[in-house]
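Each chain, letter by letter, is given below.
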Amino acid sequence: MTATGVRRRQAAWVVATLVWPVVLLAQPEDKSNSPPNVIDGAALVEALRAGGHVLYFRHGKTDLSTRDADRADLDNCTTQRILSDEGRQQMTQIGREFKRLRIPVGSVLASPYCRTLDTARLAFGKVSAEPELSHTVTADAATTKRRAVALSKLLAVEPQAGTNSVLSGHTGNLQEATGIWPSPEGVAIVYKPDGRGASKYVATIDPTRWAEFGRKAQPAGGAKR
């Protein structure tokens, strides 16, 4: 290869390394790369009622006029991107549908960002912060890898008998751990721990589908509400 060719290849590599993070962050909201659901509809609701699954929720819809200005003090919600009013209503409604469908929830862990904690708290009424679920957007390579490994392990932890576990987090973490980009905001990706330290993908549930399930599926225990 000529010297000119080498310089062009080096220049292209530099541009790629600078542009790739921007492309990743700017990925369209409606472009999830989830595989087809293994089970769906009434069968999926029945599986969740039986427990034994881990649901990874991307935080609910956010107010895009807010931004993460201080990632060091995560107790201060005024310096973070937070849930919009629509996002708060979205997660509250999802929590109502879980109760209506009699889907049992045990452990609930969330990234310590306000939007992820609020997502879990509004939907399930409880949450514990898990630092290893923190956003990796500004993390170094070692931290990003460690959090991906930690998330893989959390997805493989078998829930307490008869319940499902919930993790509330961000996009990049799940992509780095499993290759799936969770979209849109409020989406749930369902996994089934295999009992051998790993988990299997089950389904992707758009935030609007919980109400659909509620309309179509007969709640456990008959017509009670």
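This one's a predicted model, so the numbers in the text were calculated from it and none came from an experiment. Every chain's residues receive numbers from 1 upward, in the order its sequence appears when written. Confidence filtering applies because this is a predicted model: local features only for residues at pLDDT of at least 70, side-chain atom pairs given and counted only at 80 or more, and all residues used for totals across whole chains, interfaces and linings. To get the side-chain values, take all heavy atoms of the structure and skip hydrogens and water.

(A) Inspection of the overall build of the chain at higher detail. A run of DSSP states H or I qualifies as a helix once it reaches four residues; a run of E qualifies as a strand once it reaches two. Both are numbered from the N-terminal end. Scanning the chain for helices and strands turns up 7 helices and 6 strands. Sequence-ordered secondary structure for the chain, helices as α and strands as β, is α-α-β-α-β-α-β-α-β-α-β-β-α. Sorting the 225 residues of the chain into buried and exposed places 44% on the buried side. Note on contacts: a residue pair is in contact if any heavy atoms of the two residues lie within 4.5 Å. Excluding contacts between residues fewer than 6 apart, the proportion of contacts in the chain whose partners are at least 24 apart in sequence is 66%. All accessibility values rest on the Shrake-Rupley procedure with a 1.4 Å probe; residue burial counts only the protein chains present in the view. Summing over all exposed atoms, the chain offers an accessible surface of approximately 11700 Å²; the carbon and sulfur share of this is 56%. Exposure classes here rest on a 1.4 Å probe applied to the protein chains alone. A residue is buried below 20% of its type maximum, exposed above 50%, and partly exposed in between.

(B) Local environment of the pairing of strand β2 (residues 105-110). Here, any two strands with at least 2 DSSP bridges between them count as paired. Two elements, β2 and strand β4 (residues 164-169), share 4 bridges in a ladder whose sense is parallel. Of the residues in β4, the one forming a bridge with V108 is V166. The pairing of β2 with strand β3 (residues 128-129) spans 2 bridges and is classified as parallel. Within β3, the position partnered with L109 by the bridge is S128.

(C) Expanded view of the environment of P131. As for its placement among the helices and strands, P131 is situated in the loop between β3 and α5 (141-155). Exposure remark for P131: the relative accessible area of 47% places this residue in the partly exposed category. Distance from P131 to P112, taken between C-alpha atoms, is 6.1 Å for residues 19 residues apart in sequence.

(D) Up close: the pattern of salt bridges. Each reported salt bridge corresponds to a side-chain nitrogen of Lys or Arg within 4 Å of a carboxyl oxygen of Asp or Glu. Within this structure, the stated rule accounts for 12 salt bridges. We note a salt bridge from R146 to E132, for which the minimum N-O separation is 3.1 Å. Of the two residues, R146 is situated in helix α5 and E132 in the loop between β3 and α5; the sequence distance between them amounts to 14 residues. On the basis of relative accessibility, which here comes to 42%, the residue R146 falls in the partly exposed class. Each of D40, R209 and E212 takes part in salt bridges that share partners, so that together they form one network.

(E) Examining the confidence of the model for the chain more closely. Confidence of the predictor at the level of single residues is given by pLDDT, which spans 0 to 100. With 83% of its residues at a pLDDT of at least 70, the chain reaches an overall mean of 87. In the model, residues 1-29 has pLDDT below 50 throughout and makes 12 contacts with residues more than four positions away in sequence or in other chains.

(F) Representation of the sheet that holds strand β6 (residues 199-205). Strand order across the open sheet formed by 6 strands is β3-β2-β4-β1-β5-β6, with mixed pairing between neighbours. Looking at strand neighbours, the two that pair on one side only are β3 and β6, the edges of this open sheet. The angle between two axes is taken between their N-to-C directions and runs from 0 to 180 degrees, where each axis is a line fitted to C-alpha atoms and a helix contributes only its stretch in contact. In the packing of helix α7 (residues 209-216) onto the sheet, the strands contacted are β1 (54-58), β5 (188-193) and β6, and the crossing angle to β6 comes to about 85 degrees.

(G) Spatial organisation of the packing of α5 against helix α6 (residues 171-178). Between α5 and α6, the shortest axis-to-axis distance is 8 Å and the interhelical angle comes to 80 degrees. Judged on the interaxial angle alone, α6 and α5 are roughly perpendicular. The residues of α6 that touch α5, namely those facing T144, A148, L151, S152 and L155, are N173, L174, E176, A177 and T178. Taken together, the residues of the contact of α5 with α6 break down into 5 nonpolar, 4 polar and 1 charged. Each angle is binned into one of four classes, with values under 35 degrees roughly parallel, values over 145 roughly antiparallel, values of 65 to 115 roughly perpendicular, and all other values oblique. We call Asp, Glu, Lys and Arg charged. Ala, Val, Leu, Ile, Met, Phe, Trp, Tyr, Cys and Pro are nonpolar, and the rest, Gly among them, are polar.

(H) How the structure looks around the nonpolar core. The set of buried Ala, Val, Leu, Ile, Met, Phe, Trp, Tyr and Cys residues whose side-chain atoms join them within 4.5 Å is what this entry labels a nonpolar core. Counting residues in each nonpolar core, the largest one holds 24 residues, and the members touching the most others are L48, F57, F98, I205 and W210. Counting only elements with at least two residues in this core, the list comes to α2 (41-50), β1, α3 (85-101), β2, α4 (114-124), β5, β6 and α7.

(I) Local environment of the side chain of S84. Tracing the sequence through the fold places S84 in the loop between β1 and α3. In contact with S84, other than residues within four places in its own chain, are K61, T62 and D63.

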